[in-house]
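Report on the structure
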Amino acid sequence: MAVSPAPEGSPGSRLHEDLHWLFARLKQGLATAETAAVREHGMTLWGYTVLLAIVEAPARTQLALAQAVSVDKSKLVLILDELEDAGLVRRRPDPADRRARIVEATPEGGRALKAARGDVQAIEDRLLADLTTSARTSLRSTLRHLAGDPVARVEDGRPHETACPPGGAP
């Protein structure tokens, strides 16, 4: 007796085994929830991501920051303009290279990030609530690993298609 394939939309279908679809669906759900959360703290989701990177590595130049968060340099300028207008970051000339700018979080930016991070963490905790602590740790470890050398190998030197392009939506 032949077994029919699972309907395309049902768990167990080929669609639900496809890594791109799985990651895209997770990104879509997280972006929906987290966009609303960070907006309450005066930033976009890209602004939150950039501010998080700034706080983790102070005195980073705009070029290094763009590379760290995988965003086009011209889009980063727009994100930084928004963060600066909101009083969350400031840019100053790099003493070693007056053409470069060092980006720093303001005290208000640090407070907004801390509050937004708490809300984002609560969303992530809800997403992962059905997993054991060990499974959560393993998932994060595996994702960090895959986001490094393995994804660089499959990109094979091609430009990042999903990096935030100029004028692209976060």
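For the structure, check the block above.
So, a few notes on the structure that sits alongside this text. All chains use their own residue numbering, which begins from 1 and follows the written sequence. Only residues with pLDDT of at least 70 are given local features in this predicted model, and only at 80 or more are side-chain atom pairs given and counted; all residues enter the totals for whole chains, interfaces and linings. With hydrogens and water set aside, each side-chain value is computed from the structure's full complement of heavy atoms.

**Considerations on the overall build of the protein**
Of the regular secondary structure elements, the protein holds seven helices and three strands. Think of it this way: any DSSP run of H or I at least four residues long counts as a helix, any run of E at least two long counts as a strand, and we number them from the N terminus. In the protein, the succession of α and β elements from N to C terminus is α-α-β-α-α-β-β-α-α-α. Per-residue burial for the protein yields a buried fraction of 25% across its 170 residues. For the accessible areas, the method is Shrake-Rupley and the probe is 1.4 Å, while residue cover comes only from the protein chains on display. With an accessible surface of roughly 11,300 Å², the protein has 57% of that area assigned to carbon and sulfur atoms. Burial classes: relative accessible area under 20% of the type maximum marks a residue as buried, over 50% as exposed, and values in between as partly exposed (1.4 Å probe, protein chains only).

**Points about the pattern of salt bridges**
We define a salt bridge as a contact between a side-chain nitrogen of Lys or Arg and a carboxyl oxygen of Asp or Glu at a distance within 4 Å. Under the criterion given, the structure shown has nine salt bridges. Of the charged contacts in the structure, one is a salt bridge between Asp81 and Arg91, with a shortest N-O distance of 2.5 Å. One end of the pair, Asp81, is in helix α4 (residues 73-85); the other, Arg91, is in strand β2 (residues 89-94), and 10 residues separate them in sequence. The salt bridge involving Glu124 is made with Arg117; its shortest N-O contact spans 3.7 Å. Taking the relative accessible area as the measure of exposure, Glu124 reaches 15% and is therefore buried. The exposure class of Arg117 is partly exposed, given its relative accessible area of 27%. The structure contains a network of salt bridges with shared partners spanning Asp81, Glu84 and Arg91.

**Details of the side chain of Gln62**
For Gln62, the location among the structural elements is in helix α3 (residues 62-69). Should any heavy atoms of two residues lie within 4.5 Å, those residues are considered in contact. With sequence-adjacent residues up to four places away left out, Gln62 is seen in contact with Leu76, Val77, Leu80, Arg91, Arg101 and Val103.

**Digging into the packing of helix α1 (residues 19-39) against helix α5 (residues 107-127)**
Axis definition: a line fit to C-alpha positions, over the contact stretch in the case of helices; interaxial angles, taken between N-to-C directions, run 0 to 180 degrees. As a packed pair, α1 and α5 sit with axes 9 Å apart at the nearest point and diverge in direction by 145°. As α1 runs across α5, the sense of the crossing is right-handed. Residues Leu26, Leu30, Ala33, Glu34, Ala37 and Val38 of α1 pack against Ala116, Asp119, Val120, Ile123, Glu124 and Leu127 of α5. Definitions for this section: a left-handed crossing has its near helix turned counterclockwise from the far helix by less than a right angle. A right-handed crossing has that turn clockwise.

**What to know about the sheet that holds strand β3 (residues 97-105)**
Pairing between strands is defined by DSSP: at least two bridges between the two strands are required. Reading across the sheet, the three strands line up as β1-β3-β2 and stay open at both edges, with antiparallel pairing between neighbours. The outermost strands of the open sheet, each flanked by one partner alone, are β1 (60-61) and β2. Strand direction decides the pairing type here: β2 and β3, joined by six bridges, are antiparallel. For Pro93, the partnering residue across the bridge sits in β3 and is Arg101.

**Details of a nonpolar patch on the surface**
Here a patch means residues that are over 30% exposed by relative accessible area and free of salt bridges, tied together within 9 Å if like-charged and within 5 Å if nonpolar (Val, Leu, Ile, Met, Phe, Trp, Tyr). A contiguous nonpolar surface patch, about 730 Å² in accessible area, is contributed by Leu19, Leu22, Phe23, Leu26, Leu127, Leu131, Leu139, Leu143 and Leu146. Elements that contribute at least two residues to the nonpolar patch include exactly α1 and α6 (133-146). Counting through the fold element by element, Leu139 comes out in helix α6. Look at Leu139 and you get partly exposed, because its relative accessible area is 33%.

**A few points about unusual backbone geometry**
In this structure, Ser70 takes a positive phi of about 60° despite not being glycine. You can see Ser70 is positioned in the loop between α3 and α4. For Ser70, a relative accessible area of 27% gives the class partly exposed.

**What to know about the nonpolar core**
Grouped together as the largest cluster of nonpolar side chains are 24 residues, with contacts concentrated most on Met43, Tyr48, Val50, Leu65, Leu80 and Leu83. Secondary structure elements with two or more residues in this core: α2 (45-56), α3, α4 and α5. The leading source of residues in this core is α2, at seven residues. Excluding its chain neighbours within four sequence positions, the residues that come into contact with Met43 are Val38, Tyr48, Leu51, Leu83, Leu88, Ala112, Leu113 and Ala116. In this text, buried Ala, Val, Leu, Ile, Met, Phe, Trp, Tyr and Cys residues form a nonpolar core when linked through side-chain atoms within 4.5 Å.

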